[in-house]
Amino acid sequence: IKTGRFVALQQSLTNITDDGRLQLLLIAFALGAFFEGAAGFGTPVAVCGAILISLGFRPIQAAGLSLIANTAPVAFGALGIPIITLQAVTGLDLQVLSKMTAIILVPFCVMVPFWLIWAYAGFKAMLEIWPAILVAGATFATAQYLMAAYNGPWLVAIVASTSTIVVLIAFLSFWKPRRVLNAKG
(Lines give C-alpha, C1' and ligand atoms only; values in the text may rest on other atoms or scores of the structure.)
Protein backbone atom coordinates (compact mmCIF):
# COMPACT_ATOMS: atom_id res chain seq x y z
CA ILE A 1 0.00 0.00 0.00
CA LYS A 2 1.45 3.35 -1.01
CA THR A 3 1.30 6.19 1.48
CA GLY A 4 0.36 9.71 0.49
CA ARG A 5 3.93 11.00 0.80
CA PHE A 6 5.29 8.18 -1.34
CA VAL A 7 2.70 8.85 -4.06
CA ALA A 8 3.51 12.58 -3.91
CA LEU A 9 7.22 11.85 -4.33
CA GLN A 10 6.53 9.54 -7.26
CA GLN A 11 4.27 12.13 -8.95
CA SER A 12 6.78 14.94 -8.45
CA LEU A 13 9.52 12.83 -10.04
CA THR A 14 7.38 11.91 -13.02
CA ASN A 15 6.35 15.57 -13.41
CA ILE A 16 10.01 16.35 -14.10
CA THR A 17 10.31 13.60 -16.71
CA ASP A 18 8.59 10.39 -17.79
CA ASP A 19 11.80 9.12 -19.38
CA GLY A 20 13.32 6.25 -17.38
CA ARG A 21 16.85 7.23 -18.42
CA LEU A 22 16.45 10.74 -17.08
CA GLN A 23 14.77 9.41 -13.93
CA LEU A 24 17.88 7.27 -13.42
CA LEU A 25 20.09 10.35 -13.67
CA LEU A 26 17.98 12.24 -11.17
CA ILE A 27 17.32 9.43 -8.71
CA ALA A 28 20.13 6.86 -8.86
CA PHE A 29 22.95 9.25 -9.76
CA ALA A 30 22.10 12.64 -8.21
CA LEU A 31 19.76 11.78 -5.34
CA GLY A 32 21.76 8.64 -4.60
CA ALA A 33 24.90 10.78 -4.28
CA PHE A 34 23.07 12.95 -1.74
CA PHE A 35 22.22 9.90 0.36
CA GLU A 36 25.79 8.65 0.00
CA GLY A 37 27.15 11.97 1.21
CA ALA A 38 24.72 12.21 4.12
CA ALA A 39 24.62 8.61 5.32
CA GLY A 40 26.58 6.20 3.11
CA PHE A 41 26.79 2.53 4.05
CA GLY A 42 24.21 1.22 1.56
CA THR A 43 21.58 3.90 2.09
CA PRO A 44 21.63 5.17 -1.53
CA VAL A 45 21.02 1.71 -2.98
CA ALA A 46 18.20 0.93 -0.55
CA VAL A 47 16.36 4.24 -0.86
CA CYS A 48 16.93 4.92 -4.55
CA GLY A 49 16.27 1.29 -5.43
CA ALA A 50 12.87 1.52 -3.73
CA ILE A 51 12.03 4.75 -5.54
CA LEU A 52 13.06 3.25 -8.90
CA ILE A 53 10.95 0.15 -8.24
CA SER A 54 7.94 2.39 -7.58
CA LEU A 55 8.55 4.00 -10.98
CA GLY A 56 8.47 0.65 -12.79
CA PHE A 57 12.06 -0.60 -12.71
CA ARG A 58 12.52 -4.30 -11.91
CA PRO A 59 13.93 -4.87 -8.37
CA ILE A 60 17.28 -6.41 -9.33
CA GLN A 61 17.67 -3.88 -12.13
CA ALA A 62 16.95 -1.00 -9.72
CA ALA A 63 19.49 -2.28 -7.19
CA GLY A 64 22.18 -2.91 -9.82
CA LEU A 65 21.73 0.49 -11.46
CA SER A 66 21.78 2.20 -8.06
CA LEU A 67 25.07 0.44 -7.31
CA ILE A 68 26.59 1.62 -10.60
CA ALA A 69 25.45 5.19 -9.93
CA ASN A 70 26.91 5.07 -6.43
CA THR A 71 30.48 4.60 -7.71
CA ALA A 72 30.90 8.35 -8.33
CA PRO A 73 30.23 9.76 -4.83
CA VAL A 74 31.38 6.89 -2.60
CA ALA A 75 34.90 8.27 -1.93
CA PHE A 76 33.32 11.23 -0.12
CA GLY A 77 30.46 9.25 1.41
CA ALA A 78 29.06 9.56 4.91
CA LEU A 79 30.36 13.11 5.39
CA GLY A 80 33.82 12.24 4.11
CA ILE A 81 34.53 9.24 6.32
CA PRO A 82 36.60 7.35 3.69
CA ILE A 83 38.99 10.30 3.22
CA ILE A 84 39.10 11.10 6.93
CA THR A 85 39.90 7.46 7.68
CA LEU A 86 42.60 7.42 4.99
CA GLN A 87 44.16 10.49 6.59
CA ALA A 88 44.08 8.86 10.03
CA VAL A 89 45.78 5.71 8.70
CA THR A 90 48.43 7.41 6.53
CA GLY A 91 49.06 10.62 8.46
CA LEU A 92 48.97 12.59 5.20
CA ASP A 93 47.46 16.07 5.04
CA LEU A 94 43.65 15.85 4.90
CA GLN A 95 43.25 18.76 2.47
CA VAL A 96 45.83 17.28 0.07
CA LEU A 97 44.13 13.86 0.19
CA SER A 98 40.75 15.45 -0.42
CA LYS A 99 41.98 17.51 -3.38
CA MET A 100 43.96 14.68 -4.99
CA THR A 101 41.03 12.27 -4.64
CA ALA A 102 38.77 14.79 -6.34
CA ILE A 103 41.27 15.26 -9.18
CA ILE A 104 41.46 11.51 -9.72
CA LEU A 105 37.66 11.21 -9.70
CA VAL A 106 36.86 13.98 -12.23
CA PRO A 107 36.88 11.70 -15.32
CA PHE A 108 34.99 8.98 -13.46
CA CYS A 109 32.28 11.41 -12.33
CA VAL A 110 31.74 12.35 -15.96
CA MET A 111 31.84 8.74 -17.22
CA VAL A 112 29.63 7.08 -14.58
CA PRO A 113 26.35 8.65 -15.76
CA PHE A 114 27.11 7.53 -19.34
CA TRP A 115 27.89 4.02 -18.08
CA LEU A 116 24.70 4.01 -15.99
CA ILE A 117 22.44 4.85 -18.92
CA TRP A 118 24.33 2.52 -21.28
CA ALA A 119 23.88 -0.35 -18.81
CA TYR A 120 20.16 0.42 -18.54
CA ALA A 121 19.13 1.20 -22.10
CA GLY A 122 22.01 0.43 -24.44
CA PHE A 123 24.40 2.58 -26.43
CA LYS A 124 21.91 4.09 -28.93
CA ALA A 125 19.44 5.04 -26.21
CA MET A 126 22.30 6.57 -24.22
CA LEU A 127 23.28 8.74 -27.19
CA GLU A 128 19.71 10.07 -27.41
CA ILE A 129 20.12 11.83 -24.06
CA TRP A 130 23.85 12.58 -24.09
CA PRO A 131 23.33 16.32 -23.40
CA ALA A 132 21.53 15.60 -20.11
CA ILE A 133 24.11 12.97 -19.16
CA LEU A 134 26.96 15.38 -19.83
CA VAL A 135 25.25 18.14 -17.84
CA ALA A 136 24.80 15.77 -14.87
CA GLY A 137 28.33 14.37 -14.97
CA ALA A 138 30.08 17.69 -15.56
CA THR A 139 28.09 19.46 -12.85
CA PHE A 140 28.79 16.69 -10.36
CA ALA A 141 32.51 16.52 -11.22
CA THR A 142 32.96 20.29 -11.04
CA ALA A 143 31.12 20.73 -7.75
CA GLN A 144 32.86 17.71 -6.22
CA TYR A 145 36.28 19.01 -7.23
CA LEU A 146 35.64 22.55 -5.98
CA MET A 147 34.27 21.38 -2.63
CA ALA A 148 37.02 18.81 -2.05
CA ALA A 149 39.86 21.08 -3.16
CA TYR A 150 38.84 24.18 -1.24
CA ASN A 151 36.68 22.98 1.64
CA GLY A 152 37.74 19.44 2.58
CA PRO A 153 35.94 16.10 2.45
CA TRP A 154 32.96 16.70 4.72
CA LEU A 155 30.20 18.04 2.46
CA VAL A 156 31.58 17.14 -0.95
CA ALA A 157 28.98 14.58 -2.08
CA ILE A 158 26.09 16.55 -0.57
CA VAL A 159 27.00 19.78 -2.37
CA ALA A 160 27.88 18.01 -5.63
CA SER A 161 24.61 16.07 -5.64
CA THR A 162 22.47 19.06 -4.73
CA SER A 163 24.13 21.11 -7.47
CA THR A 164 23.54 18.29 -9.95
CA ILE A 165 19.87 17.98 -9.03
CA VAL A 166 19.26 21.73 -9.37
CA VAL A 167 21.17 22.08 -12.66
CA LEU A 168 19.64 18.93 -14.15
CA ILE A 169 16.07 19.97 -13.27
CA ALA A 170 16.74 23.43 -14.77
CA PHE A 171 18.21 21.82 -17.90
CA LEU A 172 15.25 19.43 -18.25
CA SER A 173 12.84 22.36 -18.06
CA PHE A 174 13.93 23.44 -21.54
CA TRP A 175 15.50 20.29 -23.06
CA LYS A 176 13.54 17.11 -23.80
CA PRO A 177 14.65 13.92 -25.55
CA ARG A 178 13.06 13.19 -28.92
CA ARG A 179 11.93 9.77 -27.71
CA VAL A 180 10.69 8.95 -24.22
CA LEU A 181 11.90 5.63 -22.88
CA ASN A 182 9.67 4.64 -19.98
CA ALA A 183 10.83 2.19 -17.31
CA LYS A 184 7.45 0.45 -17.45
CA GLY A 185 7.46 0.06 -21.21
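This write-up is about the structure you can find in this document. Being a predicted model, the structure only gives us computed values, none of them experimental. (Residues numbered from 1 in each chain as written. Predicted model: local features only at pLDDT ≥ 70, side-chain atom pairs only at ≥ 80, totals over all residues. Heavy atoms only, no water.)

So, about the packing of aromatic side chains. Scanning all chains against the criterion turns up 7 aromatic pairs. Taking 5.2 Å as the distance between ring centres and 45° as the angle between the ring planes, the aromatic pair formed by F57 and Y120 counts as tilted. Of the two residues, F57 is situated in the loop between α3 (43–54) and α4 (59–69) and Y120 in helix α6 (residues 94–121); the sequence distance between them amounts to 63 residues. Across this residue pair, the class does not change: F57 and Y120 are buried. Three or more aromatic residues joined by ring pairs form one cluster here, namely F171, F174 and W175. (Phe/Tyr/Trp six-rings, centres within 6.5 Å; stacked < 30°, edge-to-face > 60°. Helix = DSSP H or I, 4+ residues; strand = E, 2+ residues; numbered from the N terminus. Buried < 20%, exposed > 50% of the residue type's maximum accessible area, 1.4 Å probe, protein only.)

Attention now moves to the nonpolar core. For soluble globular proteins, the rule of thumb is that nonpolar side chains tend to be buried together. Counting residues in hydrophobic clusters, the biggest one holds 47 residues, and the most contacted among them are L24, L25, F76 and L116. In terms of residue count, α6 provides more of this core than any other element does, 9 residues in total. If we skip the residues at most four places from it in the chain, L116 touches L24, A28, F29, L65, I68 and A69. (Core = buried A, V, L, I, M, F, W, Y, C linked by side-chain atoms within 4.5 Å. Contact = heavy atoms within 4.5 Å.)

The next thing to look at is unusual backbone geometry. Positioned with a positive phi, A78 is a non-glycine residue whose angle comes to about 50°. For A78, the location among the structural elements is in helix α5 (residues 77–90). Here A78 falls in the buried class, since its relative accessible area comes to 8%. Here L79, not a glycine, exhibits a phi torsion of approximately 55°, which is positive. You can see L79 is positioned in helix α5. We classify L79 as partly exposed; its relative accessible area is 39%.

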